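# Remarks on the overall topology
Now for the letters of each chain:
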Amino acid sequence: QSALTQPASVSGSPGQSITISCTGTSSDVGGYNLVYWYQQHPGKAPKLLIYDVNKWTSGVSYRFSGSKSGNTASLTISGLQADDEADYYCSSYTRSSTLSVFGSGTQVTVL
Amino acid sequence: EVQLVQSGAEVKEPGESLIISCKASGYSFMNFWIGWVRQLPGKGLEWMGIVFPGDSETKYSPPFEGQVTISADRSITTAYLQWSSLKASDSAMYYCVRHVEVGAPDHWGQGTLVTVSS
């Protein structure tokens, strides 16, 4: 099962909006509305932000939003803040040996 | 509150065996898959495998099949990741995760750092 494809890096200035894409296939992203997004700060465990494409985990800022079109899901961060600087990973349900597949990860830099 | 608390960091020599653990609480342990994810230094997340404590069904990601053993003890709501003979290339951070049956991981442990060096 290949990893979902994400851009290696995305950057933006404080206050701007950025979008991270996550491209899979009809066997994962395109086949189910079951895309999750995680944020990982250096030295920390990943934290769930968004599940089922566009639902917020309790306590997560509404500045984070998810969407999907075809085989590509997206995470948009609005009003970019310094603390948003982290790695972001997507994941999708798939009928594979491990039930889901991770994205390759995107490093977000706040300029 | 769902909690996954992992055992502490380990330093081992090549060829040694190792078991790391993940103590789950705050939910029905038997009804959710629990799995292990590897993160090599500076790299992304890799699925290793998952176990369903309710019936001990286990699934492995192909690169890890035969390399590790994943298990769960329902009586103490704890999952395990086991190596019989460590290699230097096993040095990494390992996370346990709770996996929604039809979904993806929704809770993560704090991670266990494994260092294998002679």
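Before reading further, recall that the structure is shown in the block above.
A few points on the structure. Since the model is a prediction, treat every value here as computed from it, not as a measurement.

### Some words on the overall build of chain A
The number of helices and strands found in chain A is zero helices and ten strands. Reading chain A from its N end, one meets helices and strands in the order β-β-β-β-β-β-β-β-β-β. Over its C-alpha trace chain A gives a radius of gyration of 13 Å, about what one expects of a compact globule, namely 13 Å for 111 residues. Considering only C-alpha atoms, chain A reaches an extent of 40 × 25 × 25 Å along its principal axes. Within chain A, buried positions represent 47% of all 111 residues. The contacts in chain A between residues at least 6 apart in sequence include a share of 56% that link residues at least 24 apart. Total accessible area on chain A stands at roughly 4,900 Å², and carbon and sulfur atoms take up 46% of it. Looking at charge distribution, chain A has the averaged site of its 6 positive side-chain charges lying 9 Å from that of its 6 negative ones.

### Description of the pattern of salt bridges
Tallied over the entire structure, the rule returns five salt bridges over all chains. Taking the shortest distance from any N to any O, the salt bridge between Arg63(A) and Asp84(A) comes out at 2.8 Å. Highlighted residues: Arg63(A) in the loop between strand E5 (55-56) and strand E6 (64-69) and Asp84(A) in the loop between strand E7 (72-77) and strand E8 (86-93), separated in sequence by 21 residues. No difference in accessibility class separates Arg63(A) from Asp84(A), as the two residues are buried. Arg38(B) serves as the salt-bridge partner of Glu46(B), at 2.9 Å between the closest nitrogen and oxygen. Relative accessible area serves as the criterion here: at 27%, Glu46(B) is assigned to the partly exposed category.

### Regarding the sheet that holds strand E2 (residues 18-23) of chain A
Strands belonging to one sheet form pairs held by backbone hydrogen bonds; the direction of such a pair is parallel or antiparallel. All names here are of chain A. Ordered by their spatial adjacency, three strands build an open sheet running E2-E7-E6, and the pairing between neighbours is antiparallel. The open sheet terminates on both sides in strands that have one partner only, identified here as E2 and E6. With direction set aside, neighbouring strand axes in the sheet form an average angle of 20°. Where E6 lies against E7, six bridges are found, and the strand directions are antiparallel. Of the residues in E7, the one forming a bridge with Ser67 is Ser74.

### A word on the interface of chain A and chain B
Facing 17 residues of chain A, the contacting portion of chain B comprises 25 residues. For the pair chain A and chain B, the summed buried surface comes to about 1,700 Å²; carbon and sulfur atoms form 65% of the total. Taken together, the connections running from chain A to chain B amount to zero salt bridges. Remark: the boundary between chain A and chain B carries seven residue pairs in polar contact (both at pLDDT 80 or more).

How each quantity is defined
- Residues numbered from 1 in each chain as written.
- Chains lettered and ligands numbered in written order.
- Predicted model: local features only at pLDDT ≥ 70, side-chain atom pairs only at ≥ 80, totals over all residues.
- Heavy atoms only, no water.
- Helix = DSSP H or I, 4+ residues; strand = E, 2+ residues; numbered from the N terminus.
- Rg over C-alpha atoms; globule rule 2.2 N^0.38 Å.
- Buried < 20%, exposed > 50% of the residue type's maximum accessible area, 1.4 Å probe, protein only.
- Contact = heavy atoms within 4.5 Å.
- Areas by Shrake-Rupley, 256 points an atom, 1.4 Å probe, with all protein chains shown as cover.
- Lys, Arg positive; Asp, Glu negative; His and termini not counted.
- Charge placed at Lys NZ, Arg CZ, Asp CG, Glu CD.
- Salt bridge = Lys/Arg side-chain N within 4 Å of Asp/Glu carboxyl O.
- Pairing = 2+ DSSP bridges.
- Axes fitted to C-alpha atoms, helices over the stretch in contact; angles between N-to-C directions.
- Buried area = accessible area lost by both parts, 1.4 Å probe.
- Polar contact = N/O pair within 3.5 Å; in protein donor to acceptor, adjacent residues only side chain to side chain.

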